[in-house]
Each structure stands twice: as structure tokens, then as C-alpha cells.
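Descriptive analysis of the structure
So the chains spell out like this:
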Amino acid sequence: MNREIKMSDPEDIIGPELKAWIGRSIGRIPIPEPISGSEVRRYMRATGDNNPLWFDDDFARAAGYRGRVVPPMVVHEVFRRVGGEGGEWADPWISLPLPEGYTDARNAGSESEWLRPVYLNEPLGVECQITGIKARQGKSGAVTIFAEREERLVNGEGETVFRRLQTMAHLKPQPAAAKGAA
Amino acid sequence: MVERIEFSPANHQGQWPTFEEVSVGDVVVSGAYGSVDIIDVVRWAGFQENYAQLHYDREYVRTEAGLPTFIASGAFRESLMVRLLTDWMGPAGRLAKLKTRQTYSTFEGDSLRFTGRVVEKSQNGSDPWLVCEMEGFNGEDRQILQSTCTIRLEAAAQADPS
């Protein structure tokens, strides 16, 4: 007799404790210090991006800016200052109450929008909210948990200068073998 | 180590594209970087303040993540791609939106190559946006990321709306 084997819904792995994190926000946390020239220099040394818009006030003014601007991908990473290891806001970033064994996390993707130029030494604040937690079963049968958060960067005038929807994939490490997925 | 591409206005001789010159189908980015090494990822970790061992600790990733060696940060790869795009668009260009799906990891020793072309263009010169589709590949031509970017090519002196 054929017996149908019914797989459980991958979403079952998301229990009520984890689900309760959807909608949590951190309020607005000022970044510890404004973005400095030395930070942009370290970005340049990591990427080779020596565009004069990031380093030369006169060049940037000729292009219509108030002065040298912060590179878009530096703005993109400011969230680490309050949400990274040891940051003021640690929990929604790295401490979701995941099921046992989900110790590995990867950047699964993001959707970013730069709304206004950001200049050196501008005071900035970070807002963030967990917007969704989903589970999906891959071809291997392993279930990955995807956590989405919306992040906003706000300037001293209260204007949102940047926003991003970030998806993190939480995985159970697989035995050492071939190269893994992103 | 990833190749350091030199940029200077002199290299471009002021020849950045204008909104009028760009057409749907134009290639906007086609650039390659050398293999990623530990110096690259440590430089990035120091800038990004991301000390996750996944991105630099070979022993940790082998024992804890089941991977053969460390992987580059997704944001590092995006930055290398965006850098090619901002070099192309020049000072009157502005990155407005970026949607990225990270599709495969970049491991120590992997090289990176990015390509992109214009897929949509505003019909209104006073609202000068372009949509570009970008892809990243490793040295084995396996796709590592897929992005859709919206950029604005303003006339000079209109870059900052504030």
C-alpha cells in the first residue's frame, strides 16, 4: 500500500516566541559619532574607491554638493555602529531567539534607497524594526529562517536620508563539504 | 588581493555620460577584481566594524560553519560593484536605489567580475533616472549576486536637492 508521507510546514519552525519579535523596533538611537574623513579613507583602502566626490570639497562643490559627500556604501554600513557586536542595540541584530542549532547567519539580500546626500560630521540617528520572519525549505531539505528588518537613517533635521530592507538568512551549519550558498 | 583600480578626473577627461547620451541596452559596468585574500577581508571588517569570524577566521568557519574557508562580506562585494557604477556615472550621477540578492558566496581566493546594463530610462529629462541590472560572477562564472540599481544623472549643481 502506498502511504503518502506528509512533510511538515517549514513555517512550523517559527514558534510563538520568535514570531513575537515581528514588529519590534528600537526607537531612534543616535550613532555614537558622526561619519568622519578617516572612516571614508578606511573605506577607500578596503575597496580602492578613490572617487574625488568623497575626498575633494572643490570637486564636490562643482558637482552641486555642499562639500565632499559620504560614499553611498559607507552610508549603507552606518547601522553597524549601533547594531553590531557590542553595539547599543544588539538584540534584533544578532540575538533573535532562533531554534536550537541555528548558529550561522548570512546576508541574503537588501533593498536600499538613498534619499539625500550625507555629509561628513552630520549628526545621524538609526531606527529599525523587525518586519518579517519566514522559513523556507531548500532542495537539500534544510530549513532556512529569513529575518527581515527595515532600517532608517535620520539626520539632525529629522529627515530620512537612507532606508533599507535587509534580509538575513539563519541556517544550521552543514558538515564541512563543498562550498556553501551565499 | 582585489585589484585597486585607479580613478581620477584626468582618467576620464571629463567624459562622463550625460542623461541624453545613455540608451537602454548600454553597458554601464564591466569590471573585474583579482582574488579576495585575507588582507581584503580584514580591511573591510575594520571599516565595517563587522567582526563576524565567518569573514576572516579559517579555522572557525571550517569547524563551526562547515565551509572550506572564510567568505567575503556581502556588503564588500556590493561596494566593489557600486564603486564601478559610481566611477561610470561621474560626479553628476547619484545612486538612488539598490536591490541586491546575494546568490552565492565569495570564498578566499575567488575573483570577482561585475557587469551591468541599462534596462529602463525615464522619458522625462527633468526627472532623469535610469534603471540598471547588474550581475556579479566568480572566476568560475558562477553568479554571486544580482542587483537592480536606479541612478539619477542630474545636470551639475542639481545633485543635492536640500
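Residues numbered from 1 in each chain as written. Chains lettered and ligands numbered in written order. Predicted model: local features only at pLDDT ≥ 70, side-chain atom pairs only at ≥ 80, totals over all residues.

If you look chain B up in an unreviewed UniProt entry, it shows as MaoC-like domain-containing protein from Brevundimonas guildfordensis.

A short note on the overall build of chain B
Counting secondary structure elements, chain B contains four helices and five strands. Counting every position in chain B, which comprises 162 residues, the buried fraction comes to 40%. Pairs at least 24 residues apart make up 68% of the contacts formed inside chain B by residues separated by at least 6 positions. (Helix = DSSP H or I, 4+ residues; strand = E, 2+ residues; numbered from the N terminus. Buried ≥ 20, exposed ≤ 12 C-beta atoms within 10 Å, placed from the backbone. Contact = placed C-beta atoms within 7 Å.)

Re the nonpolar core
Within soluble globular proteins, side chains that are nonpolar tend to cluster in buried spots. By size, the foremost hydrophobic cluster in this structure holds 62 residues, and its most contacted members are V75 of chain A together with L85 and I151 of chain B. The element contributing the most residues to this core is helix α4 (residues 74-89) of chain B, with nine residues. Sequence-distant contacts of V75 of chain A, that is, excluding residues within four places in its chain, are made with V70, W114, V118, L153 and F162 of chain A. With seven residues, the next largest nonpolar core counts L96, L98, I133 and A147 of chain A among its residues. (Core = buried A, V, L, I, M, F, W, Y, C linked by C-beta atoms within 7 Å.)

Some points on unusual backbone geometry
Residue and element names in this part refer to chain B. Despite not being glycine, E49 shows a phi value in the positive range, around 60°. Along the polypeptide, E49 turns up in the loop between α2 (38-48) and α3 (58-65). For E49, a count of 17 C-beta atoms within 10 Å gives the class partly exposed. With phi around 65°, D141 is a residue other than glycine that occupies positive phi space. Relative to the helices and strands, D141 is located in the loop between β4 (129-137) and β5 (143-153). A residue is classified by how many C-beta atoms lie within 10 Å of it, and D141, with 7 of them, is exposed.

Focus: the packing of helix α2 (residues 37-47) of chain A against α2 of chain B
Across the interface, α2 of chain A lies against α2 of chain B with an axial gap of 8 Å and an inter-helix angle of 160°. With respect to each other, α2 of chain A and α2 of chain B are oriented roughly antiparallel. Relative to α2 of chain B, α2 of chain A is oriented so that their crossing is left-handed. Two secondary-structure elements touch here, α2 of chain A through R42, Y43, R45 and A46 of chain A and α2 of chain B through R43, W44, G46 and F47 of chain B. (Axes fitted to C-alpha atoms, helices over the stretch in contact; angles between N-to-C directions. Parallel < 35°, antiparallel > 145°, perpendicular 65-115°, else oblique. Left-handed = near helix turned anticlockwise from the far one by under 90°.)

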